[in-house]
Every structure is written in C-alpha cells, then in structure tokens.
Amino acid sequence: MRKKAMPEKIHRGAHLALKSYAGAAERHSHEHHQVVLPLVGTLEMEVAGHGGAVAKGKAALIAAGEDHAFAGSPHNRFLIMDLVPDTASSAAYRRARLFETASSSPFIALDENFGRLAGSLAQEISAYRLEGIDHDLAGELLLGALERRMGLSPLPADRRLARALALIERGLGEKMTVSGLARGIGVSEAGLHQLFRDSLGTSPGRYLAKRRMATAANLLAKPDVQISEVALAVGYSDQSAFTRAFTREFGRAPKAFQMEKIGG
C-alpha cells in the first residue's frame, strides 16, 4: 500500500542525514525533494516507474511528490539530502531545474571525487551536530557538484535574473505578464528582455511558456492527475487553451502524452 511519509520538520534550506534501510520493500512519497547518496551497500529503487540501484558510483534524485519504492541490502548506509521546494528565492529555479532534468532518468552517475565529498560530509554529520546553516552550506556543495556532473550550466550571476527566475517559479500557476515581472525585479520591460536575451538566449515570455509546459509534462507523468488540474497548476483557466499550447510544444495532446508516460 502506498504510504505518505511524514518526516520531521525540515529546515527551509537543505537537511542532511545518515540513514539505513530495511531489506523489506517499502513505497511512499513525500512533499520535499530528496537526493540519495551511497556510502555503504545498495538501495534498490523504483522512482516514477524507473528502476535502478543506488550504490557506489550512482545516486538517485527524487522530486517532491514522486512515488518511489525501495529496499536495502544488508549493512547499508546512505547520505540523504532533503530539500523543501522553495518558492521565495533563486533556489526555486535551481531546484526545479535539477529535479526536472533528473525526472526522465533519476539515477545519476557519480565519480570518485564526488564519493569522497559525500563521505567527508557523512563523517562530519556523524561526528558533530550540524546546525541549519551548516546543512545549507553542505547542501550547496552537493548541489553544485551534482549540477556539474549532470552537465547543467552555472546559475546566472546576475541577481536580477535569479530573482526573475524565482518569481516565475513561484507564479507558474498565476496570471503573469512580462511587464509585471519587470516591475517585480525593478527593471524596464526592455531591460528584462535584454537580461533574458543576454543570459538565456530567449525572451522572458518564451521562457515562462517553456517552464509552464515542462512543469505540466512532469505533472502529467502521474497517473492520478486530471488534465484540468494540470492546466490550472500552470496558469491556464481554459483547458482548451492549455491543450493547444501543450500540443504545440510536445506534438501531442496532454491526454496522449499522459497515457504514453504511464504506459496506458
């Protein structure tokens, strides 16, 4: 039976912990993103229909709300990083990008350098009681290392752009205009267009549309979600308009896309 995990209250940034898992298979989901990093042994997993194992040289990234099953080998130990989906800072863009990239392939290859980094942090957690800021700093190190190994480009250095990206993530389900976005970060519309063109090679309107469609695609990978719910979640009060936009983006209607993803 699917269970809804109810973990301890998580710090708004990152929270790191050392965990071991039973050999009996379990299945649940939780409201935070999670990174599972290997230390000792193997964790067999199924994440959103993708099977794999977390072991030496392989991690798993599990997006918030993603149903997943797991069972541990004897004598296992893992470094777990939990990340509350952030809606109020540039971390929103970073986390959305990271877990969206991993959604089609949640098992990520790691090298020896990353293994040493994870091992060192695990020793620090084991030896000392870390405070919230220490978790955040460790989380930043791990996220940056994961992004590099996943081939993701560095985060934008311009704080105005980072703020704009965070506002977009927070407002995906709301009516949003380019002029309103420009006001939100204190620049003119022309300045906002320049900022996006120079940093991302696209317009703010096109970037917003792409983020809405990418978010919709992730939601449609879940078998129990309704098309109308997805449309509202990405800012469309008119389901027909959402269907047209989605079909233009992906070449097939939302229902067909959902059936393909869940194997219907």
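Residues numbered from 1 in each chain as written. Predicted model: local features only at pLDDT ≥ 70, side-chain atom pairs only at ≥ 80, totals over all residues. Heavy atoms only, no water.

**Looking at the overall build of the protein**
Piece 1. Counting secondary structure elements, the protein contains 10 helices and 10 strands.
Piece 2. When burial is assessed residue by residue, the protein has 43% of its 264 residues classed as buried.
Piece 3. Taking contacts inside the protein between residues at least 6 apart in sequence as the whole, the part at least 24 apart equals 73%. (Helix = DSSP H or I, 4+ residues; strand = E, 2+ residues; numbered from the N terminus. Buried < 20%, exposed > 50% of the residue type's maximum accessible area, 1.4 Å probe, protein only. Contact = heavy atoms within 4.5 Å.)

**Overview of the environment of Arg252**
Piece 1. Inspection of the secondary structure assignment puts Arg252 in the loop between helix 9 (239-250) and helix 10 (254-262).
Piece 2. Judged by relative accessible area, Arg252 falls into the partly exposed class, the value being 27%.
Piece 3. If near-sequence neighbours (up to four positions away) are discounted, Arg252 is found in contact with Phe246, Thr247, Phe257 and Glu260.
Piece 4. Of the polar contacts made by the side chain of Arg252, one reaches the backbone oxygen of Phe250; its length is 2.9 Å. (Polar contact = N/O pair within 3.5 Å; in protein donor to acceptor, adjacent residues only side chain to side chain.)

**As for empty space enclosed by the protein**
Piece 1. All told, the structure shown has one cavity of 30 Å³ or more when counted by the stated rule.
Piece 2. Computed from the structure, the largest cavity encloses a volume of approximately 50 Å³.
Piece 3. Along its surface, the largest cavity is lined by Val47, Leu61, Ile62, Ala63, Glu66, Phe99, Ala102, Ser103 and Pro106.
Piece 4. Elements represented by at least two residues in the lining of the largest cavity include exactly strand 7 (58-62) and helix 1 (91-102).
Piece 5. When the residues that make up the lining of the largest cavity are grouped by side-chain class, the tally is seven nonpolar, one polar and one charged. (1 Å grid on protein atoms, 1.4 Å probe; cavity = no way out; pocket = protein on both sides within 12 Å on 5 of 7 lines; lining within 4 Å. Points joined across faces, edges and corners; volume = space filled by probe spheres on them. Nonpolar A, V, L, I, M, F, W, Y, C, P; charged D, E, K, R; others polar.)

**Considerations on the environment of Glu229**
Piece 1. If you trace the backbone, Glu229 turns up in helix 8 (residues 227-233).
Piece 2. The class of Glu229 is partly exposed, set by a relative accessible area of 45%.

**Let's talk about the pairing of strand 8 (residues 68-72)**
Piece 1. For strand 8, a buried count of five out of five residues is recorded, marking the element as mostly surrounded by other parts of the structure.
Piece 2. Side chains of strand 8 alternate between two faces, with His68, Phe70 and Gly72 and Ala69 and Ala71 buried alike.
Piece 3. Sheet topology places strand 3 (residues 26-29) next to strand 8; three bridges connect them, and they run antiparallel. If you follow Glu26 over to strand 8, its bridge partner there is Phe70. (Pairing = 2+ DSSP bridges.)

**Some thoughts on the side chain of Asp82**
Piece 1. Among the secondary structure elements, Asp82 is positioned in strand 9 (residues 77-83).
Piece 2. In this structure Asp82 is buried but unpaired, with Lys19 as the nearest side chain of opposite charge at 4.5 Å.
Piece 3. Looking at Asp82, its side chain comes within polar contact range of the side chain of His32, at 3.2 Å.
Piece 4. One polar contact links Asp82 to Gln34, side chain to side chain, over a distance of 2.9 Å. (Lys, Arg positive; Asp, Glu negative; His and termini not counted. Salt bridge = Lys/Arg side-chain N within 4 Å of Asp/Glu carboxyl O.)

**Examining unusual backbone geometry**
Piece 1. Even without a glycine there, the phi angle at Ala48 is positive, about 50 degrees.
Piece 2. Tracing the backbone shows Ala48 in the loop between strand 5 (43-47) and strand 6 (50-54).
Piece 3. At His75, a position not held by glycine, the phi torsion is positive, near 55 degrees.
Piece 4. Within the secondary structure, His75 is located in the loop between strand 8 and strand 9.

**Describing the nonpolar core**
Nonpolar side chains in soluble globular proteins tend to be buried together.
Piece 1. With 27 residues, the main nonpolar core has Leu16, Leu37, Leu61, Leu79, Met81, Phe114 and Leu142 as its most contacted residues.
Piece 2. Listed by contribution, the elements that provide at least two residues to this core are strand 2 (14-19), strand 4 (33-40), strand 7, strand 9, helix 1, helix 2 (112-127) and helix 3 (132-149).
Piece 3. The greatest single-element share of this core, amounting to five residues, is contributed by helix 3.
Piece 4. In this structure, Leu79 is in contact with Leu16, Ala17, Leu18, Val35, Val36, Leu37, Leu39, Ala118, Leu121, Ile125 and Leu142, ignoring residues within four places of it in sequence.
Piece 5. In terms of nonpolar packing, the next biggest core, distinct from the first, is built from 16 residues, Ala164, Met176, Val187 and Leu195 among them. (Core = buried A, V, L, I, M, F, W, Y, C linked by side-chain atoms within 4.5 Å.)

**Points about the environment of Ala64**
Piece 1. Tracing the backbone through its elements, the reader meets Ala64 in the loop between strand 7 and strand 8.
Piece 2. Residue classification places Ala64 among the partly exposed positions, given a relative accessible area of 25%.
Piece 3. When the C-alpha atoms of Ala64 and Glu31 are compared, they prove to be 4.9 Å apart, with 33 residues separating the residues in sequence.

**Concerning the packing of aromatic side chains**
Piece 1. One pass over the structure, following the stated rule, counts eight aromatic pairs.
Piece 2. Taking the centre distance of 4.6 Å and the plane angle of 35 degrees together, the rings of Phe246 and Phe250 count as tilted. With a gap of four residues between them, Phe246 and Phe250 both fall in helix 9, about one helical turn apart.
Piece 3. Judged by relative accessible area, which is 0%, Phe246 ranks as buried.
Piece 4. Of the residues examined, Phe250 reaches a relative accessible area of 25% and is grouped as partly exposed.
Piece 5. Grouped by ring-pair contacts, the aromatic residues Tyr236, Phe242, Phe246, Phe250 and Phe257 constitute a single cluster. (Phe/Tyr/Trp six-rings, centres within 6.5 Å; stacked < 30°, edge-to-face > 60°.)

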